[in-house]
Amino acid sequence: MTQARLASCIPLPLEHKLLVTVIEKAKDWALMHGVGMRDRKHFTKDAIQIAPFVLLPSPFPRTEFNKAIELQPILNELMHKVAHDDEFLEHTLQNTLQVDEFTAKLYDIWVKVREEGITQPISLGMLRSDIMLESRCPHTENQCAKHTPYCSWKQVEINSIASGFGHLGPVSREIQSYILRQMGHGDLIKNMPENRALSGLCSGIIEAYDLFGVPSAVVLFVVEEVSYNICDQRFHEFEISETRPDIMIHRKTLNEIYEETTLNDKKQLILEGKPVAVVYYRSGYEPAQYPSSREWDARLRVERSSAIKCPSIHYQLAGTKKVQQALAAPGVLEKFVAGSATERVRDIFTGLYSLDFDESGERAVEMALEDAERFVLKPQREGGGNNLYGADVRDALLRMRRARERAAYVLMERILPPTVAGYVVRPGAAVPPPITDLVSELGIFGVIIGTRDKIYCNRQAGHMLRTKLAEANEGGVAAGLGALDSPYLV
Ligand code: ADP
Ligand code: MG
Ligand code: MG
């Protein structure tokens, strides 16, 4: 089957001279507005390199975009309820915990803080639900019966920790608007939805700070040893600093937190003599970020403290792929979502299967071995580059057929988005770039603050679009595969 196609917002190809001129302008715009990352190959803190970006905004159907925006508060509340359902988390993760050391360590911290008594009942969730248009229609087994190149969208995953691109999302709209204006197509900008992700996410941190309610308190960003995606992180700091000059922000690695923080008798996390009001994790989601027991001790200390965590550890557990798979199983959503919303949420799930050693797990293995191309095999990991596709799914399942390790994975139906032709501008690459076939993944941000019983705020908070070559399996921008983009509503 050939992949369905969407039309680009301007007919391509663009004339050579125009293309070269506009890319030169756009690269400078990028560097001067923080559309950048640090160079992985020649790392220096003294320079920023352009982040790869798609020259023109990629088409996205308006009705599907609106549907995603409207659904986000329901997904926020779903995640909030799941994170607070101890029994559900325990039951869902029990097999995974036996074979996945990383998830088990996170879980152990959760058990420990619960046993000691939770010091801070308020959690800050800054979520990002990632979705792709599905070009295959489950009802017709081919092109959608609506005769559109897509059927609807499906959720790839929902992120509950370090959901990035609050800055790079909105600024992608700005750079593409600039490009359209430079090409004499400024009239098209009206089809690019406004995007207030940066202020939306930062106001979540500020609201949590105010709920903490201690005037001299500080905010702590937990960062990697080296932050390649530095613009995205720093712009959050700049935004908060501008909106609320009274809030001081620190950036610390887990190792620095181990060395430089203490818990006082009120269980306040003390950094440089001040209590920490909010801890915002931009690191801590993958095993390599905990190279020793010091990082795990630091994480435990933070979780024990009265700081409001984004995310609290139970939120991180609720964001695992295993939980996503469990929610897609028949009859489970009803526990968390009421009324007609249940159908709306169910509709966004594509096939998700457990690989536990039971009847349904065995069936899933058989199904995947029969047609591996139809599936993605996912471990309990974040940050991209961990999934298996196509022939690798088959090889892995044959290897793990009788190995307990299998339970650490979930099997997911592969989504096949429609393609669109476009130009991707990359640092160091020849100008002009070739026209390539691309596919996009839209992320919708959500902010939710609450305790087990009370929700203080729950809203949708902007979006980001990432686009990759149609034939690539994954499209992480920080990982160097994808490119920044923004939706052009059609
Ligand atoms: P991570 O938490 O590492 O980002 P994801 O579930 O988002 O894990 O998978 C990483 C990438 O793999 C996605 O951004 C997407 O490009 C691709 N991917 C994941 N699941 C699917 C799927 N079911 N169909 C198609 N592509 C997928
Ligand atoms: Mg993720
Ligand atoms: Mg992802």
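Since the structure is predicted, the reported quantities are computational estimates derived from the model, not experimental observations.

Student: How do you make sense of the sheet that holds strand β13 (residues 352-354) when you look at a structure like this?
Tutor: Reading across from one edge, β13-β16-β14-β15 is the order of the four strands in this open sheet, with antiparallel pairing throughout. Among the strands making up the open sheet, the edge pair consists of β13 and β15 (388-389). In this structure, β13 lies alongside strand β16 (residues 409-413), joined through three bridges in antiparallel fashion. Each bridged residue has a counterpart across the sheet, and for Ser354 the counterpart in β16 is Val410. Along the sheet, helix α11 (residues 321-328) contacts β13, β14 (375-379) and β16; its crossing angle with β13, the most-contacted strand, is approximately 105°.

Student: Would you take a moment to explain the packing of helix α13 (residues 359-370) against helix α14 (residues 391-400) for this structure?
Tutor: Packed helices, taken two at a time, are described by the angle their axes make and the gap between the axes. Packing of α13 against α14 brings their axes to within 9 Å, and their N-to-C directions diverge by 140°. In terms of orientation, α13 lies oblique with respect to α14. The chirality of how α13 crosses α14 is left-handed. Listed contacts from α14 to Val365, Ala368 and Leu369 of α13 are Val393, Arg394 and Leu397. Per-class residue counts for the contact of α13 with α14 are five nonpolar, no polar and one charged.

Student: I tried to follow helix α6 (residues 197-212) on my own but got confused; where do I start?
Tutor: Spacing of three or four residues puts side chains on the same side of an α-helix, whose turn is 3.6 residues. Under the 1.5 Å per step criterion, the end-to-end length of α6 is 23 Å for 16 residues, consistent within 8% with the ideal 22 Å. Listed in full, the buried residues belonging to α6 are Ala197, Leu198, Gly200, Leu201, Cys202, Gly204, Ile205, Ala208, Tyr209 and Phe212. Trailing α6 by a residue or two, Gly213 shows a phi angle of about 75°, which is positive.

Student: When you look at the site of ligand 1 in this model, what are you seeing that I'm missing?
Tutor: Neighbouring ligand 1 are 17 residues, the closest being Glu157, Glu382, Arg414, Ile415 and Glu474. Of all the secondary structure elements, the ones that give two or more residues to the shell around ligand 1 are β6 (152-159) and β14. Across the shell around ligand 1, the residue classes tally to four nonpolar, five polar and eight charged. Counting contributing residues, the shell around ligand 1 receives three or more from each of domain 1 (16-350 + 415-489) and domain 2 (351-414).

Student: Honestly, the nonpolar core in this entry has me stumped. Any pointers?
Tutor: When a protein is soluble and globular, its nonpolar side chains tend to lie buried together. Formed by 133 residues in total, the largest nonpolar core has its most connected members in Ala277, Val278, Val279 and Leu411. For this core, the domains that each give at least three residues are domain 1 (16-350 + 415-489) and domain 2 (351-414). Other than its neighbours up to four places away in sequence, Ala277 contacts Tyr209, Phe212, Val214, Ala217, Val218, Val219, Ala307 and Ile308.

Student: What is the right way to look at the UniProt feature "binding site: Mg(2+)" (unreviewed entry) in the protein in this model?
Tutor: Within this numbering scheme, the UniProt entry marks Glu382 as carrying the feature "binding site: Mg(2+)" (unreviewed entry). Its location among the elements puts Glu382 in the loop between β14 and β15. The exposure class assigned to Glu382 is partly exposed, which follows from the 18 C-beta atoms found within 10 Å. Residue contacts for Glu382: discarding those within four places in its chain leaves Asn159, Ile161, Tyr285 and Glu286.

Student: Help me out: how do you make sense of the pairing of strand β11 (residues 274-281) in this one?
Tutor: Along any regular strand the residues' side chains alternate between the sheet's two faces. Burial analysis of β11 places six of its eight residues in the buried class, the great majority of the element. Summarising the sheet, strand β7 (residues 218-222) and β11 pair through five bridges and their orientation is parallel. Bridged to Leu220 within β11 is Val279. For strand β10 (residues 269-271) and β11, the ladder comprises two bridges, and the chain directions are antiparallel. Looking across to β11, one finds that Ile270 is bridged to Pro275. Counting the residues in the hairpin turn of β10 and β11 gives two residues, including Glu272, whose phi is positive at 50°. Sheet analysis places β11 next to strand β12 (residues 308-310), joined by three bridges and oriented parallel. Following the sheet pairing, Val279 is matched in β12 by Lys309.

How each quantity is defined
Per chain, residue numbering runs from 1 following the sequence as it is written. Written order determines the labels here, with chains lettered from A and ligands numbered from 1. For this predicted model, a pLDDT threshold of at least 70 governs which residues receive local features, and a threshold of 80 or more governs which side-chain atom pairs are given and counted, while totals over whole chains, interfaces and linings are taken from all residues. Two strands form a pair only when DSSP identifies at least two bridges running between them. Strands here are runs of E lasting at least two residues and helices are runs of H or I lasting at least four, both read from the DSSP assignment and numbered beginning at the N terminus. Two residues qualify as a contact pair if the distance between their C-beta atoms, derived from the backbone, is within 7 Å. Every axis corresponds to a line fitted to the C-alpha atoms, with the helix fit spanning only the stretch in contact, and the corresponding angles, defined between N-to-C directions, vary from 0 to 180 degrees. Angles below 35 degrees are treated as roughly parallel, those above 145 as roughly antiparallel, those between 65 and 115 as roughly perpendicular, and all remaining angles as oblique. Here is the rule for handedness: rotate from the far helix to the near one, and if that takes an anticlockwise turn smaller than a right angle the crossing is left-handed, while a clockwise turn gives right-handed. Classification convention: Asp, Glu, Lys, Arg as charged; Ala, Val, Leu, Ile, Met, Phe, Trp, Tyr, Cys, Pro as nonpolar; all other residues, Gly among them, as polar. Each residue after the first adds 1.5 Å to the expected span of a helix. Partly exposed residues are those whose C-beta has more than 12 but fewer than 20 other C-beta atoms within 10 Å; 20 or more makes a residue buried and 12 or fewer makes it exposed, with C-beta atoms placed from the backbone. Each residue gets a C-beta atom placed from its backbone. If that atom is within 6 Å of a molecule or strand, the residue is near it. The domain boundaries here were taken from an automatic or database domain assignment. For this entry, the nonpolar core is defined as buried Ala, Val, Leu, Ile, Met, Phe, Trp, Tyr and Cys residues connected by C-beta atoms within 7 Å. UniProt positions are given in the numbering used here, feature names are shortened, and annotations may be inferred rather than shown by experiment.

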